[in-house]
Amino acid sequence: MLDKPRLTLRDGTTMDDLINVEKHEVSLRVMNDPELHRIELERIFAKTWLLLGHDTEIPKAGDFIVRDMAEDQVIVSRDRSGDVNVVLNVCPHRGMKVCTAEAGNAAAHRCNYHGWAFKPNGDFIGAPVEKEKMYGDMLPKAELGLRKARVALYGGLIFATWNIDGPSFDEFLGESKFYFDQLFCRTDNGLELLGPPQRFMINANWKIGSEQSASDGFHTLTLHRSLMEGGIMGGTAESIYDMAPGMYGVDVSCEEGHSLRCLEAAQTFKMFSDISFEGKTVDERLHMLMPPGITPELIPQLHKNLSPDQVEMLATIPPQVGGMFPNILVLFIFAPRTDGGASGVLALHAYIPRGPDHFEFVNYIFAEKDAPEQVKRDMLQNAIQQSGTSGTIEQDDSDTWPQIHRNTRGAIGRQSTLKYQALTGHSRPDGWTGGGLTYPGFTKDDTQWNWWLNYRRLMNIPA
């Protein structure tokens, strides 16, 4: 932890003023400050690994999608060698967008302003009327290409960063990789994206959604109360606060700011069945409550792609919800069917900044490539009903965030603080095989506070 913050805003405010480490409080001002937003783009979004999509979106050579690394637009494409490339969608000639489509297939990308053309990997090809050399003689062609980001594929997920010499993607995941592998790297052929991602705008700062993604489980009891009253998430109107369904488990976080909530499969199973998990083997438990998207035929692949400890965790206390720093929510929802099967939801949300007072909500919905088509349809239907633009869960969340953000505009309201003082404290459960910091019992503020500590750390590192 840094004792002497190096970031000081123009009015003299420091990060210690905004994030009080001793009191575990965060100034509401951080949720709507134009100067902080500019610095976040440089010190967080230009330095960390960011999710851009999935490789099943660009299966063929020349396929491309246009996505955003915060407020920098990029072209994500597959070249003839099969490699995935991420390049800045800014022509080095006059700053025009090179690609104005959202997706498609192209052997080369040609700027429609002056015709400069580029390969999918960003290399400069040339300009019209080649004999006139309208790109001049001052720079060689090798220096006229589109700016290239560093790319990593993880379970088919496409991540990129502008921090070319910074931490590797595995280093970025840190000790949370043990848990995320159970969601994204568990079968032979991996995941596929079920259609284009849903996208919509939220009138709020990106951090309001993102810090909630750092495993805030407590809000479920009140904000999503109607889902429990209806029996969708367990419990009844009379028993919600006594039983506190889904509130007990093991929260996990790491110094990189990622987190996950691991909930006992037996507890989840009780929401749908009276059959006991007691005395059952790992495989018996997996068959009784299959992870979202897994079918009996795919269970052997879990043993092939994961370690015994990871498989046992999936069968006993699997990771179910959490986030990747800085702006990703992970949803891993169990939903057994009445016919004995299971489909559930496997989704990712990315909260992409659009200035200090708006962000774009991007909802990715996945299924295993080798799952039956019926399971894929069920998972898509479940995800649409529960998450995203029409989801029962996200309707609650996306109504709250703009109301929080509205309170940041007042001269008095912005002086309020966010409080992270309900802390469990790190302790390792007996026999726990995963790494990171663990917080067993009732879900509290530990993982969200760790998110803010990582935010503070990165904001204090000069760009």
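Refer to the structure printed above.
What counts and what doesn't
- Residues numbered from 1 in each chain as written.
- Predicted model: local features only at pLDDT ≥ 70, side-chain atom pairs only at ≥ 80, totals over all residues.
- Heavy atoms only, no water.
- Helix = DSSP H or I, 4+ residues; strand = E, 2+ residues; numbered from the N terminus.
- Buried < 20%, exposed > 50% of the residue type's maximum accessible area, 1.4 Å probe, protein only.
- Contact = heavy atoms within 4.5 Å.
- Polar contact = N/O pair within 3.5 Å; in protein donor to acceptor, adjacent residues only side chain to side chain.
- Axes fitted to C-alpha atoms, helices over the stretch in contact; angles between N-to-C directions.
- Parallel < 35°, antiparallel > 145°, perpendicular 65-115°, else oblique.
- Nonpolar A, V, L, I, M, F, W, Y, C, P; charged D, E, K, R; others polar.
- Phe/Tyr/Trp six-rings, centres within 6.5 Å; stacked < 30°, edge-to-face > 60°.
- Pairing = 2+ DSSP bridges.
- Salt bridge = Lys/Arg side-chain N within 4 Å of Asp/Glu carboxyl O.
- Expected span 1.5 Å × (residues − 1).
- Arc of directions from axis to C-beta.

1. Comments concerning the environment of Lys376
So, step 1. Tracing the backbone shows Lys376 in helix α13 (residues 373-386).
So, step 2. Using a relative accessible area of 8% as the deciding quantity, one classes Lys376 as buried.
So, step 3. It is 20 Å that separates the C-alpha atoms of Lys376 and Asp181, two residues lying 195 residues apart in sequence.
So, step 4. Apart from residues no more than four positions distant in its own chain, Lys376 is found in contact with Glu192, Leu194, Ala367, Glu368, Lys369 and Ala371.
So, step 5. Among the polar contacts made by the side chain of Lys376, one reaches the side chain of Glu192 at a distance of 2.5 Å.

2. Looking at the packing of helix α5 (residues 206-213) against helix α15 (residues 446-459)
So, step 1. The contact between α5 and α15 brings their axes to 8 Å, and the two run at 130 degrees. The angle between α5 and α15 falls in the class oblique. Each of Trp206, Lys207, Ser210, Glu211 and Gln212 in α5 lies in contact with α15, whose residues at this interface are Gln448, Trp451, Trp452 and Tyr455.
So, step 2. Of the residues assigned to the contact of α5 with α15, the class counts are four nonpolar, three polar and two charged.

3. Considerations on the packing of aromatic side chains
So, step 1. One pass over the full model with this rule turns up 28 aromatic pairs.
So, step 2. An angle of 55 degrees between the planes, with centres 5.7 Å apart, marks the rings of Phe118 and Phe124 as tilted. Here Phe118 matches Phe124 in class, with each residue buried.
So, step 3. Three or more aromatic residues link up through ring pairs in this structure, and these residues are Trp49, Tyr154, Phe159, Phe169, Phe172, Phe180 and Phe184.

4. A closer look at the sheet that holds strand β1 (residues 19-20)
So, step 1. Spatially, the three strands line up as an open sheet ordered β1-β2-β21, and their pairing is antiparallel. One side of each edge strand has no neighbouring strand; the edge strands of this open sheet are β1 and β21 (417-419).
So, step 2. Here two bridges tie β1 to strand β2 (residues 25-27), and the two strands are oriented antiparallel to one another. Counterpart to Ile19 in the pairing with β2 is Val26.

5. With respect to the pairing of strand β11 (residues 150-154)
So, step 1. Summarising the sheet, β11 and strand β12 (residues 157-161) pair through five bridges and their orientation is antiparallel. Its bridge partner being in β12, Arg150 is matched across the sheet by Thr161.
So, step 2. Taking the residues that link successive antiparallel strands as the turn, the β11-β12 hairpin has two residues, and the phi of Gly155 there is positive, at about 60 degrees.

6. Regarding the pattern of salt bridges
So, step 1. On inspection of all chains with the given rule, the structure shows 20 salt bridges.
So, step 2. Put simply, Asp63 and Lys60 hold a salt bridge, and the shortest N to O gap is 3.7 Å.
So, step 3. Residue classification places Lys60 among the exposed positions, given a relative accessible area of 51%.
So, step 4. A salt bridge links Lys148 to Asp123, with the shortest nitrogen-to-oxygen separation between them at 2.7 Å. With Lys148 in the loop between β10 (124-126) and β11 and Asp123 in the loop between β9 (117-118) and β10, this pair connects stretches of sequence that are 25 residues apart.
So, step 5. Judged by relative accessible area, Lys148 falls into the partly exposed class, the value being 40%.
So, step 6. Taken together, the shared-partner salt bridges in this structure form one network comprising Asp68, Glu102, Arg199, Arg354 and Glu360.

7. Considering the sheet that holds strand β7 (residues 103-105)
So, step 1. Across the sheet, which stays open at both edges, the four strands sit in the order β6-β5-β4-β7 with antiparallel pairing between neighbours. In this open sheet, the two edge strands, each paired with only one partner strand, are β6 (84-88) and β7. Neighbour-to-neighbour, the strand axes of the sheet open up by a mean angle of 30 degrees, direction not taken into account.
So, step 2. Where strand β5 (residues 72-78) and β6 come together, five bridges link them in antiparallel fashion.

8. As for α13
The periodicity of an α-helix, 3.6 residues per turn, causes residues three or four positions apart to be oriented the same way.
So, step 1. Its 14 residues give α13 an end-to-end C-alpha distance of 20 Å, which sits within 8% of 20 Å, the value for a rise of 1.5 Å per residue.
So, step 2. Within the span of α13, buried status applies to Val375, Lys376, Asp378, Met379, Asn382, Ala383 and Gln386. Projection of α13 onto a plane perpendicular to its axis shows the buried side chains occupying an angular sector of 160 degrees, all on one side.
So, step 3. Where α13 is buried, its residues touch β13 (191-193), β18 (328-333), β19 (345-353), β20 (359-368) and α14 (392-406).

9. Overview of the packing of helix α2 (residues 34-45) against α15
So, step 1. At a minimum axis distance of 9 Å, the contact between α2 and α15 shows a crossing angle of 85 degrees. Here α15 runs roughly perpendicular to α2, going by the angle between their axes. Contacts from Leu36, Ile39, Glu40, Arg43 and Ile44 in α2 reach Tyr455, Leu458 and Met459 in α15.
So, step 2. Along the lines of polarity and charge, the residues of the contact of α2 with α15 split into six nonpolar, no polar and two charged.

10. A word on the side chain of Ser210
So, step 1. By secondary structure assignment, the location of Ser210 is in helix α5.
So, step 2. Here Ser210 is in contact with Pro326, Asn327, Tyr351 and Trp451, once residues within four sequence places are set aside.

11. Quick word on the pairing of strand β16 (residues 259-262)
So, step 1. Along β16, one buried face is formed by Ser259 and Arg261 and the opposite face, lined by Leu260 and Cys262, is buried too.
So, step 2. Bridge count between strand β15 (residues 248-253) and β16: four bridges; the pairing is antiparallel. For Val250, the partnering residue across the bridge sits in β16 and is Cys262.
So, step 3. A loop of five residues connects β15 with β16, the two strands running antiparallel in sequence, and Gly257 in this loop sits at a positive phi of about 95 degrees.
So, step 4. Across four bridges, the pairing between β16 and strand β17 (residues 319-324) is antiparallel.

12. Here's the deal with helix α4 (residues 177-184)
So, step 1. α4 sits mainly inside the fold: seven of its eight residues count as buried.
So, step 2. Among all positions of α4, only Phe178, Tyr179, Phe180, Asp181, Gln182, Leu183 and Phe184 are buried.

13. Topic: the environment of Asp68
So, step 1. Relative to the helices and strands, Asp68 resides in strand β4 (residues 63-69).
So, step 2. The class of Asp68 is buried, set by a relative accessible area of 13%.
So, step 3. For Asp68 and Thr433, which are 365 residues apart along the polypeptide, the C-alpha to C-alpha distance reads 36 Å.
So, step 4. Contact partners of Asp68, with chain neighbours within four places excluded, come to Leu52, Gln73, Val74, Ile352, Arg354 and Glu360.

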